[in-house]
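# Inside the fold
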Amino acid sequence: MTGKLEGRVAFVTGAARGQGRTHAVRLAQEGAAIIATDACTQLDGVVIEMSNPDDLAETEARVKAVGGRILTGIVDVRDFDGMQNIVDEGVRQFGRLDIVVANAGMGSEGAVTHEMSEKTWRDMLDVNLTGVWITARVSVGHVIAGGRGGSVILTSSVGGLRGARNIGHYVSAKHGMIGLMRTLALELGEHNIRVNALCPTQVGTPLLLNDHHYRLFRPDLENPTIDDFAAASQAMHVLPTPWVEPEDISNAVAFLASEESRFITGVALPIDAGNLLR
């Protein structure tokens, strides 16, 4: 790695596994100290097994294995005070904050929008949109105070750029995140803080590669396998891959966090293998 983030500090949410873990490790490889949080609990309405404290400990070990410094905290992004406390402590320990990666999010059982329960709707918006606002709210002031500019990166989705049946709560949250990103980009530009959003297609993490999703994509089969799912998922993409890897998203994070993207702001960047062309 090039060390292009040497001396900088990054705040990464949803860091216990999947994309958040690879983001933390990649930024550490580039020289950044890491403040890493995750709820590490099973959220209501989520049928897929979520992360736990051991997962966050594994992220910490992997960051340290590449020579990085890291502070971890088990915090739900909906917990304003908890989020403020961990960021403040990270800035106290590491001396600054330059990069914010609002990665934490959830998926839940879907339904046609006009029949969805109020709780299902509210839980999704609270985590996937309000939680992103809280992440920015507790951290951006530190970036401004540093007087060196910085980068804020929000994890949206191809679902933030197009509609999809039966997941109106998810699509609405991810569309809202694009609006939040564009507004923050306008408001923070005078401080030389860039704000962008990532819009991945399906990513090969535990949230995707599980029996629930296999059955969702192949309801015609009694016990679909990963290969059955891969064939259906490939049909979503122009490039020959059924999904992208979390490292593919982390490469974009490292780019947007660095001076290599110093004049890129307000962009919703698809990492989608051509999904949006379909």
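All residue numbers refer to positions counted from 1 along the written sequence of the respective chain. Per-residue local features are limited, in this predicted model, to residues with pLDDT of at least 70; the limit for side-chain atom pairs, both in listing and counting, is 80 or more; totals at the level of whole chains, interfaces and linings are taken over all residues. Calculation of side-chain values draws on the structure's entire complement of heavy atoms; hydrogens and water are dropped beforehand.

- You'll find the chain entered in an unreviewed UniProt entry as Putative short-chain type dehydrogenase/reductase, with Nocardia aurantia given as the organism.
- According to its UniProt record, the chain has this under Sequence similarities (unreviewed entry): "Belongs to the short-chain dehydrogenases/reductases (SDR) family." UniProt positions are given in the numbering used here, feature names are shortened, and annotations may be inferred rather than shown by experiment.

### Overview of a nonpolar patch on the surface
- Patch definition: residues with relative accessible area over 30% and no salt bridge; like charges joined within 9 Å; nonpolar side chains (Val, Leu, Ile, Met, Phe, Trp, Tyr) joined within 5 Å. Each accessible area is a Shrake-Rupley estimate made with a 1.4 Å probe; only the visible protein chains count as cover when residues are assessed. We count a salt bridge whenever a side-chain nitrogen from Lys or Arg sits within 4 Å of a carboxyl oxygen from Asp or Glu. Together, Val-238, Leu-239 and Leu-277 give the surface a local cluster of nonpolar side chains, amounting to about 320 Å² of exposed area.
- Residue position: Leu-239 is located in the loop between helix H7 (226–234) and helix H8 (246–257). Here a strand is any run of E in DSSP of at least two residues, a helix any run of H or I of at least four, and the numbering for each starts at the N terminus.

### Considering the pattern of salt bridges
- Applying the stated rule across the entire model yields 13 salt bridges.
- Glu-260 is paired through a salt bridge with Lys-4; the nearest N and O atoms lie 3.2 Å apart. Of this pair, Glu-260 sits in the loop between H8 and strand S7 (268–271) while Lys-4 sits in the segment before strand S1 (9–13), placing them 256 residues apart in sequence.
- For Asp-98, the salt bridge is made with Arg-148, and the minimal N-O distance between the two is 3.7 Å. On the criterion of sequence distance, the pair formed by Asp-98 in the loop between helix H3 (80–94) and strand S4 (99–102) and Arg-148 in the loop between helix H4 (118–146) and strand S5 (150–155) is long-range, its members being 50 residues apart.

### Notes on the pairing of strand S2 (residues 33–38)
- Relative accessibility under 20% of the residue-type maximum defines a buried residue, over 50% an exposed one, and the middle range a partly exposed one, all with a 1.4 Å probe and only protein chains included. The element S2 is largely enclosed, with a buried count of six among its six residues.
- Burial along S2 is two-sided: the face carrying Ala-33, Ile-35 and Thr-37 and the face carrying Ile-34, Ala-36 and Asp-38 are both buried.
- When DSSP finds at least two bridges between two strands, those strands are taken to pair. In the sheet, S1 pairs with S2 via five bridges, with the strands oriented parallel. Residue pairing across strands places Ala-10 opposite Ile-34, the latter belonging to S2.
- Consider the strands pointing away from the viewer: the crossover is right-handed when the path from the first strand over the helix to the second runs clockwise. Chirality of the crossover, the property in question, places the unit of S1, helix H1 (residues 18–29) and S2 among those that are right-handed.
- Direction of pairing for S2 relative to strand S3 (residues 70–74): parallel, over a ladder of five bridges. By the bridge assignment for S3, Ala-36 is matched with Thr-72.
- Handedness of the S2-helix H2 (residues 53–65)-S3 crossover: right-handed.

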